[in-house]
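# Examining the three-dimensional arrangement
Each chain is listed here by its residues.
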Amino acid sequence: MTDVWPSEPLVRVPAEGERYWSPVETMPPEDRAQIILRKLRGQVAYAWDRSPFYRRLWSDAGVGPDTLESLADIARFPFVTKDLIRADQEAHQPYGSNLCISPEEIERIYGSSGTTGRPTVFAVSGGDWARIGAAHARIMWSFGVRPSDTVFLGAIFSLYMGSWGAQAGAIALGAASISHGAGVPGQTERAVEFLRTLRPSVFYGTPSYALHLAKVARERGADPASFGFRIMFFSGEPGAGIPATKRRIEETFGAAAIDTGSMAEMAPWMTNAECAERTGMHLWEDVVYTEIVDPETLEPVDDGEGVPVYTHLERTSQPMIRLFSGDLARVTTDPCPCGRTYRRLPDGVYGRVDDMLIVRGVNVYPRAIEDAIGRVPGVGSEYRIVVERPDELDVLLLEVEADDHGMAAVVAESVKLAIGLSPQVTVCPPGSLPTTEFKSRRVTDRRESALEATTRRES
Ligand SMILES: [Zn+2]
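Below you will find a few notes about this structure. (Residues numbered from 1 in each chain as written. Predicted model: local features only at pLDDT ≥ 70, side-chain atom pairs only at ≥ 80, totals over all residues. Heavy atoms only, no water.)

## Focus on the environment of Leu 68
Position of Leu 68 among the secondary structure elements: in the loop between helix H2 (52–61) and helix H3 (82–91). Along the backbone, Leu 68 and Arg 41 are 27 residues apart, and their C-alpha atoms lie at a distance of 6.8 Å. What Leu 68 contacts, discounting residues up to four positions off in sequence, is Leu 40, Arg 41, Val 44, Asp 73, Ile 74 and Phe 77. (Helix = DSSP H or I, 4+ residues; strand = E, 2+ residues; numbered from the N terminus. Contact = heavy atoms within 4.5 Å.)

As structure tokens, then:
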């Protein structure tokens, strides 16, 4: 093994019949830990030398490159948060004090999809972009994409890095890609015509957009299954990890739905990704080292629920070391039939620490409600969740779409079974709830004061 850091991107595309891109995928986890430790030391030493941001943060915490004697020592390093990065960029405009390359070396600039204020700026070097493409290609190989495929990119091409990262993976893998985009009026109608004639084999986008595309296709007399997608991979939303939503997409399109994605701040972000077995997202930890920590004690979790904390292992432009995601996931070391020895998130990323609603003292994840609604045949995929406290008691209100008003009781029963609380369900005519084309905004908590509601979350 070489001690050169970062290593050259691994762009050897395997032969058609090969299952794995790299032997690192199937090695015993304790052997892989040595590779991860070597890369982590390289990343930390590099950030210490080049990033005033980390030098300050770590000096204050009394840690540095010499702290890392074993992989477990990473827990002594402080967390980084989105807010910390944003504040640093405000103070050191435009790129923050964590830019470790000269501005001349920046090749691409992206930004967070935050809806308020200045976006967080992501400045990426050419070398980093090549490594991102190679990592994504390797992970796309694991869920079945091959050089003979054509990938339809049905997601917005903007400051949002998701579409560009998926495209970089497709290119590094040798597949063709169609940069169709999404979010422009009339574009979905054009997509239907395009898909009918070009028949790409792979789709990338958000689950919401795939279901919107299916609706538009049916309105135009096209069966979404006739497009001929074999694989559909998703990021930007947790939907492809929600069993009922995954099933709905797979039945609608006759394709395998693959859940991927970590955070906008992390690229490569497909280092959380399902393989073709679809048993939950693997953690591709030799690219992005991922710890799962208990949200309260912050202790590492080996099996069970916690918050993913991400560390780039080969990023030279803006390293992210111990980025606290604030997401919630369950991790397991149970083996996957694919033979890869990476840990998995069998339920995907199912919520955020700050998205969890406490309704009458019960912890309620919006994802569990979505799954319960999705289990009821004849009910549409759009829904709204509103929590109110008209008097002393919390009320959980649900709006769903169906032809038959009698479905209210069935939905209420399904939700009660899932979360232990009875919602008040309103059935709306199909198509009457606002459709979500990109990222869903489906939960409203009216119990908060207006000030808390506007300052609590950035997007
Ligand atoms: Zn697997």
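## A few points about the nonpolar core
Judged by nonpolar contacts, the single largest core of 36 residues is most densely connected at Phe 143, Val 145 and Phe 233. Counting residues per element, the ones that place at least two in this core are strand S2 (121–125), helix H4 (126–142), strand S3 (150–153), helix H5 (161–173), strand S5 (202–205) and strand S6 (231–234). At six residues, H4 tops the list of elements feeding residues into this core. Those residues in contact with Phe 233, other than ones at most four positions away along the chain, are Met 140, Phe 143, Val 151, Ala 166, Val 202, Phe 203, Tyr 204, Gly 205, Ile 258, Thr 260 and Met 270. Ile 36, Leu 40, Tyr 289 and Leu 313 belong to the second-largest nonpolar core, a separate cluster that totals 26 residues. (Core = buried A, V, L, I, M, F, W, Y, C linked by side-chain atoms within 4.5 Å. Buried < 20%, exposed > 50% of the residue type's maximum accessible area, 1.4 Å probe, protein only.)

## A few points about the packing of H4 against H5
Contact pair H4 / H5: the axes reach a minimum separation of 7 Å and the direction vectors enclose 75°. The orientation of H4 with respect to H5, classified from their angle, is roughly perpendicular. Between H4, through Trp 129, Gly 133, Ala 134, His 136, Ala 137, Met 140 and Trp 141, and H5, the contact on the second element is made entirely by Met 161, Trp 164, Gly 165, Ala 166, Ala 168, Gly 169, Ala 170, Ala 172 and Leu 173. In the contact of H4 with H5, the residues fall into 12 nonpolar, four polar and no charged. (Axes fitted to C-alpha atoms, helices over the stretch in contact; angles between N-to-C directions. Parallel < 35°, antiparallel > 145°, perpendicular 65-115°, else oblique. Nonpolar A, V, L, I, M, F, W, Y, C, P; charged D, E, K, R; others polar.)

## What about the sheet that holds strand S4 (residues 176–178)?
Read from one edge of the open sheet, five strands run S4-S3-S5-S6-S7, paired in parallel fashion. The strands lining the two open edges of the sheet, one partner per strand, are S4 and strand S7 (256–259). Looking at each pair of strands side by side, their axes are set apart by 20° on average, direction ignored. (Pairing = 2+ DSSP bridges.)

## Regarding the coordination of the zinc ion
Distances from the zinc ion to its protein donors, namely Cys 275 (SG), His 282 (NE2), Cys 336 (SG) and Cys 338 (SG), fall within the range 2.1 to 2.3 Å. Here the zinc ion is ringed by four donor atoms whose angles at the metal span 105 to 115°, and the overall shape comes out tetrahedral. Under the relative-accessibility criterion, His 282 is labelled buried at 0%. (Donors = N, O, S within 2.8 Å, 3.2 Å for Na, K, Ca; no water. Tetrahedral: all angles 85-135°; square planar, octahedral: opposite > 155°, others 65-115°.)

## A few points about empty space enclosed by the protein
For the coordinates displayed, the defined rule picks out one cavity of 30 Å³ or more. Computed from the structure, the largest cavity encloses a volume of approximately 60 Å³. The wall of the largest cavity is formed by Phe 53, Ile 85, Asp 88, Gln 89, Tyr 95, Gly 96, Asn 98, Thr 120, Val 121, Phe 122, Gln 318 and Met 320. Of the residues forming the lining of the largest cavity, the biggest block, three residues, is contributed by H3. For the lining of the largest cavity, a count of residues per class yields six nonpolar, five polar and one charged. (1 Å grid on protein atoms, 1.4 Å probe; cavity = no way out; pocket = protein on both sides within 12 Å on 5 of 7 lines; lining within 4 Å. Points joined across faces, edges and corners; volume = space filled by probe spheres on them.)

## Overview of unusual backbone geometry
Omega for the bond connecting Gln 93 with Pro 94 falls within 30 degrees of zero, at -5°, which places this linkage in the cis form. As for its position among the elements, Pro 94 is in the loop between H3 and strand S1 (106–111). In this structure, Pro 268 follows Ala 267 across a cis peptide bond, with omega equal to 5°. Its place among the elements puts Pro 268 in the loop between S7 and strand S8 (272–273). Of note, Arg 199 is a non-glycine position whose phi angle comes to about 50°, a positive value. Here Arg 199 is to be found in the loop between helix H6 (187–198) and S5. A positive phi angle, near 65°, is found at Leu 298, a position not held by glycine. Mapped onto the elements, Leu 298 comes out in the loop between strand S10 (288–293) and strand S11 (304–312). Assessed through its relative accessible area of 36%, Leu 298 is described here as partly exposed.

## What to know about the sheet that holds strand S21 (residues 443–445)
Pairing is mixed across the open sheet formed by four strands, whose spatial order is S20-S19-S18-S21. Pairing within the sheet leaves two strands with one partner each, and these edge strands are strand S20 (424–428) and S21. Neighbour to neighbour, the strand axes of the sheet diverge by 15° on average, direction disregarded. In terms of strand pairing, strand S19 (residues 395–401) meets S20 through five bridges, oriented parallel. Bridging from a neighbouring strand, Glu 399 pairs with Thr 426 of S20. Running over the sheet, helix H10 (residues 407–419) touches S19 and S20 and is turned about 135° from S20.

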